[in-house]
Amino acid sequence: MDDPPFDRRLVVTPRPRNGWIVLQYRSRARVRPLRPMVRMLRTGGVVQDFVLPGGAEGRGVWLGYVAPDVSEIRLAIEPDSGFVLEHVGLRTNAGLFAECLIRRPSRAGPALYHYARGDERRFRDILRGSCAVTPLADFAGWQALRSVPEAAAGPGPTVALVLPAAEEAPDRIRATVDALISQSHSDWRLTILSARAIALPADERIRVVPGAATVRDLVGEAGIAGILMPGDRLGPDALAVLVAALGSRPCADMVYADEIRSGPGASHVRLKPDWSPDLALVADHPGAPALYRGDLLARLAGRAVDVSSDLARDLALAAALSARDVIHVPRVLCRSVERSTVGEAAALERHLRETGSRATVMRRDGVVDLLWPLPDPPPLATVVIPSRDRLDLIARATRGVLHETAYPAIRLVIVDNGSTDPGVLAHYDTLRDDPRVRIVSFPQAFNFSAMVNAGVAAAEDGIVVLFNNDVAVLEPGWLDAMVRQACRPGVGAVGAKLLYGDGRLQHAGVVVGLGGRAGHILRCRAGDTPGHLGRLRVAHEVSAVTAACLAVRKELYDAVDGFDALAFPIDFNDVDFCLRVAATGHACIWTPHATLSHLESVSRGPPVGEERRRFEAEGDRFAARWRDRVRHDPFYHPSLSLTTFGEELE
């Protein structure tokens, strides 16, 4: 298969046959990095593509299985990534099983079970998930094997840094100052806000201001500014890397990187998504380190700042509400101290007032959150349910929508794909007595995308809500929460939190690239899992959401021509749709405030035989159409694994 991105051949001696290969490689920390890919060409024209871990810390390691009929291995590498293949190693099943016994002993039993029953694919999946993936809690050891220093930087612009220090111990202030003095980028100025005398090294770049000052006074002539807290320690190349990133995008308002945060008990790593303004409004995002410039600084130039001011929060909120271009460097560049949450709701309310936003600040389970306004009158919400037979499912779904949902303007469109069950037909006769219900016949061969398109075509203007027949309403406010999000300017598709029948998490957003194509993050975890950075407690940006429960403005659905019924008749249609909507500049939002139950394709069952081949063909088509997104989902850190459904390192 001729595919220009896969322009490098990997020749391994001795040639691996029915074994495992380990690739170790270096690459530079890059903005929006595209992960390397491996393509294996097999007998009969079979092609297998694998997305490798990103080299965010400077080095990546990948463990992959090489089937006995692999004839050639190719690599896809970004030309400016600095990729260098350092080492190629070979592993065996026996060696990996021994490692599994040591690293993940609870998985050794299931691995043996699947091997004994001849399920080699599941056996290999367990070995790879045990030996190639590391829990986030073990980040320090993982990083130690992958960290490569950045290349020395040349001179750059002056960076003005502000350090508010109220009652902090002198040793914490000194730790921050010492880390600054060690920076490879030496053109910086530090202003310490403190009413107390502080013993500091003699350095003309450091000054102490005892009283209040404006942001303009603190920044001076410097065009770039950042905020540090006493105890924050920048890595030696932090300023150099951040300034270089700003230099690569002259219009960028802000740049930030990852951090290790010291908490009350232990330190924890914060591997952040690319810029997520909704998350920044209600969570500690982007955190530290961060540098700001341009209009963001000008907007706050006259604001008075003293030792008690939270200028870092003000800048982050200003960025969330008005930044045009924000850069994320996916590398740990700072060891930071815990941030105070005192006054976070008041600060958010002030910024919302200043920008004229009608959103309301509230607390849910102790977490600051936003209630977005609902238009008056509320828009019509048309729920579209594709279905066939299964009275138990369709009766529960329609009851939930029509009788258990607290929303004033509901319509229901059922797209029936040739039901013959007398009970279902009788149920339809009953539903037709409800003026809110319309039943559309779809007698053609099953094509989920075409059925959804037919249902949306029958809907009136307003909000359309795609709703699987195996989804059940759990609480009455789900639709209100989704419509509030879908009505926001700049928002496209909106997804819900879906739980399995036993309460485990089924859908918390889709990561593009997971499993090589796309998958549900944290699937099968506890239903109240907060997620990395606490993201599952608040509404936030994701790349895609499932069509099992998806809300979108009808005009926007029509503008992108709905679901692609030719390329993706059954699978990957929802992810493809969300990505096409996002390409028009509309964010995809997942909200935990719409929580429902989903049995997941219970009426269809898993694909086997010809259906499996059809599934693989659609998956390959999706991966080819959205290859760059598969290689970098902006809302999923490049150091996190695409092998497992958990937020783990690879």
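Before reading further, recall that the structure is shown in the block above.
What comes next is a walk through the structure. These figures come from a predicted structure and were not determined experimentally. (Residues numbered from 1 in each chain as written. Predicted model: local features only at pLDDT ≥ 70, side-chain atom pairs only at ≥ 80, totals over all residues. Heavy atoms only, no water.)

With respect to the overall build of the protein
Right, so step 1: Per the secondary structure count, the protein includes 19 helices and 32 strands.
Right, so step 2: Compactness check: the protein gives a C-alpha radius of gyration of 27 Å against a globular reference of 26 Å for 650 residues, within 12% of the reference.
Right, so step 3: Its C-alpha atoms give the protein principal-axis dimensions of about 85 × 70 × 45 Å.
Right, so step 4: Sequence-distant contacts in the protein: of pairs separated by 6 or more residues, those separated by 24 or more amount to 78%.
Right, so step 5: Split by element, the accessible area of the protein, about 26,800 Å² in all, is 53% carbon and sulfur. (Helix = DSSP H or I, 4+ residues; strand = E, 2+ residues; numbered from the N terminus. Rg over C-alpha atoms; globule rule 2.2 N^0.38 Å. Contact = heavy atoms within 4.5 Å. Areas by Shrake-Rupley, 256 points an atom, 1.4 Å probe, with all protein chains shown as cover.)

Side note on the pattern of salt bridges
Right, so step 1: Throughout the structure, instances matching the rule amount to 50 salt bridges.
Right, so step 2: Two residues, Glu78 and Arg631, come together in a salt bridge whose shortest N-O distance is 3.6 Å. With Glu78 in the loop between strand S6 (70–76) and strand S7 (84–91) and Arg631 in helix H19 (residues 627–631), this residue pair connects regions lying 553 residues apart in the sequence.
Right, so step 3: Here Glu259 makes a salt bridge to Arg270, at a shortest N to O gap of 3.2 Å. Placement of Glu259 in strand S14 (residues 254–262) and of Arg270 in strand S15 (residues 267–270) is noted, with a sequence separation of eleven residues between them. You'll find Glu259 and Arg270 in the same group, each marked buried.
Right, so step 4: Beyond isolated ion pairs, a larger network of salt bridges with shared partners links Glu259, Arg261, Arg270, Lys272 and Asp284. (Salt bridge = Lys/Arg side-chain N within 4 Å of Asp/Glu carboxyl O. Buried < 20%, exposed > 50% of the residue type's maximum accessible area, 1.4 Å probe, protein only.)

Some points on the sheet that holds strand S5 (residues 59–66)
Right, so step 1: Ordered in space as S5-S2-S7, the three strands form an open sheet in which the pairing is antiparallel. The open sheet terminates on both sides in strands that have one partner only, identified here as S5 and S7. Averaged over all neighbouring strand pairs, the angle between strand axes comes to 20°, with direction disregarded.
Right, so step 2: Of the strand pairs in this sheet, strand S2 (residues 19–26) and S7 are connected by seven bridges, and their pairing is antiparallel. Considered in S7, the bridge of Arg26 is made with Val84.
Right, so step 3: The sheet contacts of helix H3 (residues 120–131) involve S2 and S5, and relative to S5 the element is tilted by about 165°. (Pairing = 2+ DSSP bridges. Axes fitted to C-alpha atoms, helices over the stretch in contact; angles between N-to-C directions.)

Focus: the pairing of S2
Right, so step 1: Of all eight residues in S2, six are buried; the element is thus mostly enclosed.
Right, so step 2: When S2 meets S5, the two strands line up antiparallel, connected through eight bridges. The residue of S5 that forms the bridge with Gln24 is Val61.

Things to note about the sheet that holds strand S4 (residues 47–51)
Right, so step 1: Within the open sheet, the four strands sit side by side as S1-S6-S3-S4. Their pairing is antiparallel. In this open sheet, the two strands that pair with only one neighbour each are strand S1 (8–10) and S4. When the angles between neighbouring strand axes are averaged without regard to direction, this sheet yields 30°.
Right, so step 2: Bridging between strand S3 (residues 37–42) and S4 involves five bridges; their strand directions are antiparallel. In the strand pairing of S4, Met40 is matched with Gln48.

Details of the environment of Val133
Right, so step 1: Take Val133: it is sitting in the loop between H3 and helix H4 (139–144).
Right, so step 2: Accessibility expressed as a relative area gives 0% for Val133, which makes it buried.
Right, so step 3: For the pair Val133 and Ser641, spaced 508 residues apart in sequence, the C-alpha separation works out to 6.9 Å.
Right, so step 4: The contacts of Val133, once residues within four sequence positions are left out, are Arg103, Arg104, Arg128, Ser641, Thr643, Thr644, Glu648 and Leu649.

Let's talk about the packing of helix H1 (residues 93–103) against H3
Right, so step 1: One way to put it is that H1 packs onto H3 with a least axis distance of 9 Å and a crossing angle of 55°. Classified by the angle their axes make, H1 and H3 are oblique. Taken as a pair, H1 and H3 cross one another with a handedness that is left-handed. Together, Asn93, Leu96, Phe97, Glu99, Cys100 and Arg103 of H1 and Phe123, Leu127, Ser130 and Cys131 of H3 make up the contact between the two elements.
Right, so step 2: Broken down by class, the residue content of the contact of H1 with H3 amounts to six nonpolar, two polar and two charged. (Parallel < 35°, antiparallel > 145°, perpendicular 65-115°, else oblique. Left-handed = near helix turned anticlockwise from the far one by under 90°. Nonpolar A, V, L, I, M, F, W, Y, C, P; charged D, E, K, R; others polar.)

Brief notes about the nonpolar core
In summary, soluble globular proteins display a tendency toward joint burial of nonpolar side chains.
Right, so step 1: Counting 64 residues, the largest nonpolar core has Leu466, Phe577 and Phe622 as the members making the most contacts within it.
Right, so step 2: The next biggest cluster of nonpolar side chains, apart from the first, holds 43 residues, and it includes Leu279, Ala280, Leu296 and Ala359. (Core = buried A, V, L, I, M, F, W, Y, C linked by side-chain atoms within 4.5 Å.)

Considerations on the pairing of S14
Right, so step 1: By the criterion of burial, S14 is predominantly enclosed, with eight of the nine residues buried.
Right, so step 2: Bridge count for S14 against strand S16 (residues 290–293) is three bridges, and the pairing is antiparallel. Across the sheet, residue Tyr256 finds its bridge partner in S16, namely Ala290.
Right, so step 3: In this antiparallel pair of consecutive strands, S14 and S15, the connection spans four residues.

Brief notes about the side chain of Arg128
Right, so step 1: Take Arg128: it is sitting in helix H3.
Right, so step 2: For Arg128, a relative accessible area of 13% corresponds to the buried category.

Concerning the packing of aromatic side chains
Right, so step 1: If you walk through the whole model with that rule in mind, you get 13 aromatic pairs.
Right, so step 2: With a centroid separation of 4.8 Å and an interplanar angle of 50°, the aromatic rings of Tyr115 and Phe123 are classed as tilted.
Right, so step 3: Look at Phe467 and Trp478: their rings are 5.4 Å apart centre to centre, the planes differ by 40°, and that puts the pair in the tilted class. In this pair, Phe467 sits in strand S24 (residues 463–467) while Trp478 sits in helix H15 (residues 478–486), placing the two residues eleven residues apart along the sequence.
Right, so step 4: In this structure an aromatic cluster arises from ring pairing among Phe568, Phe572, Phe615 and Phe622. (Phe/Tyr/Trp six-rings, centres within 6.5 Å; stacked < 30°, edge-to-face > 60°.)

Here's the deal with the side chain of Asn447
Right, so step 1: Inspection of the secondary structure assignment puts Asn447 in the loop between strand S23 (437–441) and helix H14 (448–457).
Right, so step 2: On the basis of relative accessibility, which here comes to 16%, the residue Asn447 falls in the buried class.
Right, so step 3: Engagement of the side chain of Asn447 in a polar contact is seen with the backbone nitrogen of Ala450, the distance being 2.9 Å.
Right, so step 4: Among the polar contacts made by the side chain of Asn447, one reaches the main-chain carbonyl oxygen of Ala565 at a distance of 3.2 Å. (Polar contact = N/O pair within 3.5 Å; in protein donor to acceptor, adjacent residues only side chain to side chain.)

Comments concerning unusual backbone geometry
Right, so step 1: Pro286 follows His285 through a cis peptide bond whose omega is 15°.
Right, so step 2: Relative to the elements of secondary structure, Pro286 occurs in the loop between helix H8 (277–282) and S16.
Right, so step 3: Residue Asp376 is joined to Pro377 through a cis peptide bond whose omega torsion reads 5°.
Right, so step 4: Positive phi values are uncommon outside glycine, yet Arg390 reaches one of about 55°.
Right, so step 5: Take Arg390: it is sitting in the loop between strand S21 (381–387) and helix H12 (391–403).

Side note on H15
Right, so step 1: Across the nine residues of H15, nine count as buried, placing the element largely inside the fold.
Right, so step 2: Listed in full, the buried residues belonging to H15 are Trp478, Leu479, Asp480, Ala481, Met482, Val483, Arg484, Gln485 and Ala486.

A short note on H1
Right, so step 1: If you check which residues of H1 are buried, you get Leu96, Phe97 and Cys100. All buried residues of H1 project into a common sector of 100° when viewed along the axis, lining one side. Looking at H1, the residues exposed on the side facing more than 90 degrees away from the buried face are Ala94 and Ile102.
Right, so step 2: If you follow the buried residues of H1, they end up packed against S2, S5, S7, helix H2 (105–116) and H3. (Arc of directions from axis to C-beta.)

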